Amino acid sequence: MPEDHFGTHVADRFDERYAHQADPSVVGPVVDFLADLAGDGDALELGVGTGRIALPLARRGVRVHGLDLSEAMVAKLRAKPDGDRIAVTIGDFATTRVDGTFAVAYLVVNTIMNLTTQEEQVACFRNVAAHLERGGCFVIEVMVPGLRRLPPGERLQPFDVSRTHVGVDEYDVARQGLVSHHYWIEDGEVEVLSPPFRYVWPSELDLMAQLAGMTLRERWGDWAREPFTSESDKHVSVWEKQ
């Protein structure tokens, strides 16, 4: 089972530190996109966390079931208004099964990369396929690896520099590995968090989907369905179960 990098020390500050991702201008297009795919069916969120997407999606009338490894993050979800509307199973979303079938399953903000081996990522696609009804969709939002911006021999790439936070991605190209180093600065002290990831290419994800009996339905540069191009720094991809 993957290691839980989202324990109490992370969960206690998560919503505060990532408040910008909960802004309605950010959340709205995500919820619109997923609600459209769900229709009258149910949704499964892998890595449900503190409910940034699950709660507003449920308020739109979609029945949402969450999967998450972190009991601390789910406790934060439970403490929120309407938190009891989200059924949650604690477990590794690559292998844990829940009851029922779903019209849509989804992973947002690079969460697929929390699975740090190719085998785990392939298992995730197969697990999702087992939960989807025929014609159901699997949606992933994930970065496009920024290797083109790395000078020869360089491994480090800053992605955020502010008064309270410095973020640096460290690439291991030979292993397709990525460590995101976060330096949180508050009251003259620095907290360091360095969770490991495995970056993954769009074409690789398409092959994982094929192995799980799904085919690519659409791919966009963002949740507002802007075109995905060679300059896109992320993609929102939808695969359909055959």
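Fair warning: this is a prediction, and the values are worked out from it, not measured in the lab.

(A) Up close: the nonpolar core. Of all hydrophobic cores here, the largest spans 34 residues; its most connected members are I112, C124, F125, F138, I140 and M214. Mapped onto this core, the elements with two or more residues apiece are β1 (43-46), β4 (102-107), α5 (118-131), β5 (132-143) and α6 (202-211). Formed by 29 residues, the second largest nonpolar core is a distinct cluster that contains L34, V48, V104 and V139.

(B) Fine view of a nonpolar patch on the surface. Taken together, the side chains of Y183, I185, V190 and V192 present a nonpolar region at the surface, about 320 Å² in accessible area. Within the secondary structure layout, Y183 lies in strand β8 (residues 177-186).

(C) Structural view of helix α2 (residues 24-38). Taking 1.5 Å as the rise per residue, α2 with 15 residues should run 21 Å; its terminal C-alpha atoms sit 20 Å apart, in good agreement. When we look at burial in α2, the residues that qualify are V27, V30, V31, F33, L34, A35, L37 and A38. Where the residues of α2 are buried, they touch α3 (54-59), β4, β5, β11 (214-220) and β12 (234-241).

(D) Expanded view of the packing of helix α1 (residues 8-17) against helix α4 (residues 71-78). Close contact between α1 and α4 brings their axes to 8 Å; oriented N to C, the two are set at 35°. Handedness of the crossing formed by α1 with α4: right-handed. For the pair formed by α1 and α4, the contact residues are T8, A11, D12 and F14 on the first element and A72, M73 and K76 on the second. Counted by class, the contact of α1 with α4 contains 4 nonpolar, 1 polar and 2 charged residues.

(E) Up close: the sheet that holds β11. An order of β3-β2-β1-β4-β5-β12-β11 is seen for the 7 strands of this open sheet, with the pairing classed as mixed. Since the sheet does not close on itself, it has two edges, and those belong to β3 (87-90) and β11, each with one partner. Recorded for the sheet is a direction-independent mean angle of 20° between the axes of neighbouring strands. Relative to β4, β1 runs parallel, the two being bridged by 3 bridges. Residue E45 lies in a different strand from β4, and its bridge partner there is Y106. Where α2 meets the sheet, its contacts fall on β4, β5, β11 and β12, and the angle it forms with β4 comes to roughly 155°.

(F) Looking closely at unusual backbone geometry. Although it is not a glycine, Q176 sits at a positive phi angle of roughly 55°. With respect to the helices and strands, the residue Q176 is situated in the loop between β7 (165-172) and β8. Q176 gets classed as buried once you look at its relative accessible area, which sits at 17%. For D187, which is not glycine, the phi torsion reads 55° and is therefore positive. Following the sequence through the fold, D187 ends up in the loop between β8 and β9 (189-193). The exposure class assigned to D187 is exposed, which follows from its relative accessible area of 73%.

Parameters and conventions
- Residues numbered from 1 in each chain as written.
- Predicted model: local features only at pLDDT ≥ 70, side-chain atom pairs only at ≥ 80, totals over all residues.
- Heavy atoms only, no water.
- Core = buried A, V, L, I, M, F, W, Y, C linked by side-chain atoms within 4.5 Å.
- Buried < 20%, exposed > 50% of the residue type's maximum accessible area, 1.4 Å probe, protein only.
- Helix = DSSP H or I, 4+ residues; strand = E, 2+ residues; numbered from the N terminus.
- Patch = residues over 30% accessible without salt bridge, like charges linked within 9 Å, V, L, I, M, F, W, Y side chains within 5 Å.
- Areas by Shrake-Rupley, 256 points an atom, 1.4 Å probe, with all protein chains shown as cover.
- Salt bridge = Lys/Arg side-chain N within 4 Å of Asp/Glu carboxyl O.
- Expected span 1.5 Å × (residues − 1).
- Contact = heavy atoms within 4.5 Å.
- Axes fitted to C-alpha atoms, helices over the stretch in contact; angles between N-to-C directions.
- Left-handed = near helix turned anticlockwise from the far one by under 90°.
- Nonpolar A, V, L, I, M, F, W, Y, C, P; charged D, E, K, R; others polar.
- Pairing = 2+ DSSP bridges.

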